[in-house]
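Breakdown of the fold
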Amino acid sequence: MTMTLGDISVRYVNLLLEFLTQQGLSTTELKTQYQLSDTLLSQPEGRISIPRFMRFGHDCIQLSRSPHMGLQVAGLAQPSLLGLAGLSAACAPSLGQALADIAHDEPLSSKNVRGHSRFYREQSRGVAEFYSLSPYNQYNSFIVDMALAVQLILARRLTGQRLTPVAVDIEFPAPSYANLYAEVFECPVRFEQPRNALTLRAEDLSRPLRQSNRVAYAECRQLCDQQLARISRSLSFLDQVADAISPLLHTPDLTIQAVAVRLDLPVWTLQRKLKQQGTTFTQLLDNTRRELALIYLRDEGYTIGEIAYLLGFTYPNAFQRAFKRWTGEAPGDYRRRKARNDSSEAY
C-alpha cells in the first residue's frame, strides 16, 4: 500500500495560470519549477498531487501579490472546469440536483484521502460543504476561498441568475483581506466555524438551469458513473480500507465499526478480508499513519504538533515515539534529512 494525500486535476492548475496571465505576469518560470509541461497541462486525466498544488498556489499568490487570489480566480470559472462532471451539472434539471452531482462526482476532478465534499439539506436550505485539510496555513487556506467562491460562480452561471447565499461558513480565522469576502459572496461570512460551507435558499435549489436537458443529462450521468466505477475498481482492497480510515484519524469515530460502515461491509467481513490480505485492522491503521506521516513531514507547512493532531495522536510525544518505532529516527531528523536529499523532488 502506498499512501498519498490525494491529487487534483490540471484543470485547476490551468485556472491559476490563466489568472496570472490575465494579470500580465509570466508563468514560464513557475511552469518550469513545477514541471508543468504543455503535455501534462493538456491531458484529460492529468493530475498533480495536493501538496504540490498547495505549494504551486502559494507561489502564484507570491507572484501576483494577491493573498486573496483564491477569491479572484473563481471569477474565471466555468462549468468546464469540472470536465465531464461540469457538463453533467449543466444539463441537470435543477440547481439543487446540479450541486448534489458536483459533490458526488468530486473524485473525477480531485481526491483527498482526509475527506470529501458534500451537499445536503439543512432546514430545507442547501449546504455545499467543502472538505479541506486542516490545520490551516499559508499554503491551503486559498483553496477554501477558491472552492467556495467557485461554487457560487458556477451556481450563478448555471442558472443565469445572480444568486446570493444565505451565509458562508469558513473554518479558519478571518484573514487580513476579510473585507473582500462580502464583495464576492454578498452575504454574511462567518469565520472560525466547524465547516467550510455555502448555504443557499430553498427556493434557489429548485431553479431550472439554462442548459437543462433530460436526455443529455441521462447520457452524462451514465458516463460519470462509469468513470467513478473505474476509479473505484483501480483501488486495491487495502487502499479502500486506508481511504476509509484516513478521514477518521483525528476523530473519536476511529473504530473498525465506523470503517466498516464507510465501506458498507459487516465488521466480520472486513476482518475476514483483511486476514486474507495478511493483515489486521490495527496493523493497517498503524501503516496508514506511518505512510501519511512520511508525506506530511515532507511539507514544511505543518509543524510536528499539527502532524500529530492530523494522525490522531493525543500528544506530539506519542507521535514521535511511534515515528521512531516506524523508521528508527525522530520525525524532525527525518524532515531535515529529506530536505537535504530531496529538495528538488516534486511531490
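Our structure is the block above this text.
Keep in mind that what you see is a predicted model, and the values were worked out from it rather than measured. (Residues numbered from 1 in each chain as written. Predicted model: local features only at pLDDT ≥ 70, side-chain atom pairs only at ≥ 80, totals over all residues. Heavy atoms only, no water.)

A look at unusual backbone geometry
Positive phi, close to 55°, is recorded for Gln-123, a residue that is not glycine. Judged by its relative accessible area of 72%, Gln-123 is exposed. (Buried < 20%, exposed > 50% of the residue type's maximum accessible area, 1.4 Å probe, protein only.)

Regarding the pattern of salt bridges
Evaluation of the coordinates by the stated rule reveals 17 salt bridges. The shortest N-O distance in the salt bridge between Arg-162 and Glu-186 comes to 3.0 Å. Of this pair, Arg-162 sits in the loop between α8 (141–159) and β6 (167–169) while Glu-186 is found in the loop between α9 (179–185) and β7 (189–190), placing the two residues 24 residues apart along the sequence. Taking relative accessible area as the criterion, Arg-162 reaches 58% and is therefore assigned exposed. Taken together, the salt bridges that share partners define one network made up of Glu-122, Asp-169, Arg-190 and Arg-195. (Salt bridge = Lys/Arg side-chain N within 4 Å of Asp/Glu carboxyl O. Helix = DSSP H or I, 4+ residues; strand = E, 2+ residues; numbered from the N terminus.)

A closer look at the packing of helix α4 (residues 50–64) against α8
It is at 9 Å that the axes of α4 and α8 come closest, and there the two elements cross at 85°. It follows that α4 is roughly perpendicular to α8 by the angle criterion. Contacts between α4 and α8 involve Phe-53, Met-54, Gly-57, His-58 and Ile-61 from the former and Phe-142, Ile-143 and Met-146 from the latter. Class assignment for the residues of the contact of α4 with α8 results in 6 nonpolar, 2 polar and no charged. (Axes fitted to C-alpha atoms, helices over the stretch in contact; angles between N-to-C directions. Parallel < 35°, antiparallel > 145°, perpendicular 65-115°, else oblique. Contact = heavy atoms within 4.5 Å. Nonpolar A, V, L, I, M, F, W, Y, C, P; charged D, E, K, R; others polar.)

Remarks on the packing of helix α6 (residues 84–91) against helix α11 (residues 214–233)
Running from N to C, α6 and α11 cross one another at 150°; their axes reach a closest spacing of 9 Å. The angle between α6 and α11 places the two elements in the roughly antiparallel class. For the pair α6 and α11, the sense of crossing is left-handed. Touching Leu-84, Ala-85, Leu-87, Ser-88 and Cys-91 of α6 are Ala-216, Tyr-217, Cys-220, Arg-221, Leu-223, Cys-224 and Gln-227, all from α11. In terms of residue class, the contact of α6 with α11 is built from 9 nonpolar, 2 polar and 1 charged. (Left-handed = near helix turned anticlockwise from the far one by under 90°.)

Things to note about the sheet that holds β7
Pairing within the open sheet is mixed, and its 5 strands lie in the order β4-β5-β8-β6-β7. In the strand order of this sheet, the two ends are held by β4 (118–122) and β7, each with one partner. Helix α7 (residues 95–104) contacts β4 and β8 (197–200) of the sheet and is inclined by roughly 140° relative to β4. α8 contacts β5 (125–129), β6 and β8 of the sheet and is inclined by roughly 25° relative to β8. (Pairing = 2+ DSSP bridges.)

Thoughts on empty space enclosed by the protein
Counted according to the given criterion, the structure contains 1 cavity of 30 Å³ or more. Put simply, the largest cavity is a space of about 530 Å³. Lining the largest cavity are 30 residues, with Tyr-12, Glu-106, Ser-110, Phe-130 and Ala-147 positioned closest to its centre. For the lining of the largest cavity, the elements supplying multiple residues, two or more each, are β1 (6–9), α4, α7, β3 (110–112) and α8. Of the residues contributing to the lining of the largest cavity, the split by class is 17 nonpolar, 9 polar and 4 charged. (1 Å grid on protein atoms, 1.4 Å probe; cavity = no way out; pocket = protein on both sides within 12 Å on 5 of 7 lines; lining within 4 Å. Points joined across faces, edges and corners; volume = space filled by probe spheres on them.)

Here's the deal with the sheet that holds strand β2 (residues 47–49)
Reading across the sheet, the 3 strands line up as β2-β1-β3 and stay open at both edges, with antiparallel pairing between neighbours. Single-partner strands in this sheet number two, and they are β2 and β3. Neighbouring strand axes in the sheet, compared pairwise and without regard to direction, differ in orientation by 30° on average. In this sheet, β2 lies alongside β1 in antiparallel orientation, the contact comprising 3 bridges. Each residue of the ladder has a partner; that of Ile-8, found in β2, is Ile-48.

Quick word on the nonpolar core
Counting 111 residues, the largest nonpolar core has Phe-53, Phe-56, Phe-185 and Phe-319 as the members making the most contacts within it. The element best represented in this core is α8, accounting for 13 residues. Beyond its immediate chain neighbours, meaning those up to four positions away, Phe-185 contacts Leu-71, Leu-148, Ala-149, Leu-152, Arg-156, Pro-165, Val-168 and Leu-198. (Core = buried A, V, L, I, M, F, W, Y, C linked by side-chain atoms within 4.5 Å.)

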